[in-house]
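Structural features, examined
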Amino acid sequence: MTGRILGTGAYVPARIVENQELAKLVDTNDAWIRERTGIARRHVAEEETTSYMAAQAAREALCQAEISSEEVDLILVATSTPDTIFPCVACEVQKAIKAANSVGFDLNAACSGFLLAYQTAQAYIQAGLYKTILVIGSDSMSHVIDWTDRGTCILFGDGAGAVILRAEEGGLCFHAAHSDGAGGGVLTGRSRHRKDWEEPKHMEETFLHMDGQRVFKFAVRSVPEIVEELLKQAQMKQEEIDYFFLHQANKRIIEAAAKRIGAEISRFPMNLQEYGNTSAASIPILLDEWNRKGLLKRGNKLILAGFGAGLSWAGSLLEW
Ligand code: ACO
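Note that the structure is a prediction, hence the values are computed from the model and not measured.

Rules of the game
- Residues numbered from 1 in each chain as written.
- Predicted model: local features only at pLDDT ≥ 70, side-chain atom pairs only at ≥ 80, totals over all residues.
- Heavy atoms only, no water.
- Salt bridge = Lys/Arg side-chain N within 4 Å of Asp/Glu carboxyl O.
- Helix = DSSP H or I, 4+ residues; strand = E, 2+ residues; numbered from the N terminus.
- Buried < 20%, exposed > 50% of the residue type's maximum accessible area, 1.4 Å probe, protein only.
- 1 Å grid on protein atoms, 1.4 Å probe; cavity = no way out; pocket = protein on both sides within 12 Å on 5 of 7 lines; lining within 4 Å.
- Points joined across faces, edges and corners; volume = space filled by probe spheres on them.
- Nonpolar A, V, L, I, M, F, W, Y, C, P; charged D, E, K, R; others polar.
- Near = heavy atom within 4 Å.
- Polar contact = N/O pair within 3.5 Å; in protein donor to acceptor, adjacent residues only side chain to side chain.
- Contact = heavy atoms within 4.5 Å.
- Pairing = 2+ DSSP bridges.
- Axes fitted to C-alpha atoms, helices over the stretch in contact; angles between N-to-C directions.

1. Quick look at the pattern of salt bridges
Per the counting criterion, the structure on display carries 14 salt bridges. For the salt bridge of E46 with R15, the shortest nitrogen-to-oxygen distance reads 3.4 Å. One end of the pair, E46, is in the loop between strand 3 (41-43) and helix 3 (50-65); the other, R15, is in the loop between strand 1 (2-11) and strand 2 (16-18), with 31 residues separating them in the sequence. Taking relative accessible area as the criterion, E46 reaches 56% and is therefore assigned exposed. By relative accessible area, which is 29% here, R15 ends up partly exposed. A salt bridge links R267 to E264; the shortest N-O distance between them is 3.1 Å. Each member of the salt-bridge network shares a partner with another, and the members are R15, E21 and E46.

2. Description of the layout of surface pockets
In this structure, the largest pocket encloses a volume near 1200 Å³. For the lining of the largest pocket, the element with the highest residue contribution is helix 6 (residues 212-234), accounting for four residues. Residue composition of the lining of the largest pocket, grouped by class: 22 nonpolar, 22 polar and six charged.

3. Some words on the site of the ligand
Taken together, 26 residues lie around the ligand, and T28, R36, C111, Q213 and N250 are the ones closest in. Between the ligand and T28 there is a distance of 2.7 Å, counted from a nitrogen atom to a side-chain nitrogen or oxygen. Taking R252, its side chain carries an N or O atom lying 3.0 Å from an oxygen atom of the ligand. For the shell around the ligand, the elements supplying multiple residues, two or more each, are helix 2 (30-37), helix 6, helix 7 (251-261) and strand 12 (301-308). It is helix 6 that contributes the most residues to the shell around the ligand, four residues altogether. Residue composition of the shell around the ligand, by class: 13 nonpolar, nine polar and four charged.

4. Focus on the environment of Y243
Considering the arrangement of structural elements, one finds Y243 in strand 11 (residues 243-246). The sequence separation of Y243 and R267 amounts to 24 residues, and the corresponding C-alpha distance is 4.7 Å. If sequence neighbours within four positions are ignored, Y243 has contacts with S266, R267, P269, W290, L295, L296, N300, K301, L302 and I303.

5. Points about the sheet that holds strand 8 (residues 173-179)
Read from one edge to the other, the open sheet built from four strands follows the order 8-13-12-11, with strand pairing classed as mixed. Two strands in the sheet have a free side with no partner beyond their single neighbour: strand 8 and strand 11. For this sheet, the mean angle separating the axes of adjacent strands, direction not counted, is 10 degrees. In the packing of helix 5 (residues 113-126) onto the sheet, contacts are made with strand 8, strand 12 and strand 13 (312-319), and the angle to strand 13 comes to roughly 50 degrees. Each of strand 11 and strand 12 is contacted by helix 9 (residues 282-292), which is oriented at about 140 degrees to strand 11, the strand it contacts most.

6. A look at empty space enclosed by the protein
Evaluation of the coordinates by the stated rule reveals one cavity of 30 Å³ or more. Looking at the largest cavity, its volume works out to about 100 Å³. Taken together, 14 residues make up the lining of the largest cavity; nearest its centre are T2, G3, R4, L172 and E319. Elements represented by at least two residues in the lining of the largest cavity include exactly strand 1, helix 5 and strand 13. Looking at the lining of the largest cavity element by element, the count peaks at four residues for strand 1.

See below:
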């Protein structure tokens, strides 16, 4: 049994922040951001919460899959920016969409989160535990960004994407995932409520910290490696893959990965120019965009690959 994607959905906040607007906050400019990242604008949550965006994406996916929320057995939400520590976002989504027959929990693997949630869902389906699973990636990165740090605040945006998986016979399904905790210091987001018991004091709000160049090198190395691992498992060649849906962090990372894989850049869908890096949401938002535009045909072979804090990186090869 494998989980086939029956429907997709996405939600991004209404508020759009252009590069020029960021130039009023930090010493940067539109040309630099476009050239170094490919990003032109991003959507930033005002009223919207991580669980609100997740529920909106879920509704769209259910509608497209033409199934009722009561048919959902499991809700998995990948997020590193939940509204509250508990209840988890998945339970908030369950309440919002009235998925009374489901169980739900969150999973945090930063920008690799959607892939790890997707793989967890596939494992449940293969084990015969659940038939219909809602997998969501939702993040409000604007809440954890230091808006005075020009090295990071230009990169991120907010949003959510969702897919509905339904157990079916057959279909391609290969997975690979890795973590390198020892390397995790290059990309961190510390808890805003961390207490120092030795010397109790009010902790200043802490934010996302990143060594951009080291993350860049890690991404450019890890994505081609995981693609090769998946192709080997599936005994396929890169030429047989129709599209590579990579985490939307930086245009230059995707271009460099495409070059190393030896595949034309046209097979690497991109929408980071519109949304920036939406962390766990980036891959399902992109999938939804391509799906709704009718650019994906049944039988297409896809590789999805995410990478990010942890360090962690994960990929799946599937048939649309
Ligand atoms: N505007 C203008 N100048 C800037 C800006 C900015 N926003 N940011 C940095 N600079 C300056 C630097 O200060 C530096 O100036 P200097 O030469 O005078 O010292 C110069 O530009 C070059 O800086 P670099 O850091 O070398 O720039 P680089 O080409 O590496 O680009 C970037 C930086 C875009 C952050 C890149 O390293 C990158 O994309 N890294 C990967 C980041 C990423 O993908 N993170 C997400 C991971 S996913 C997750 O889990 C969250």
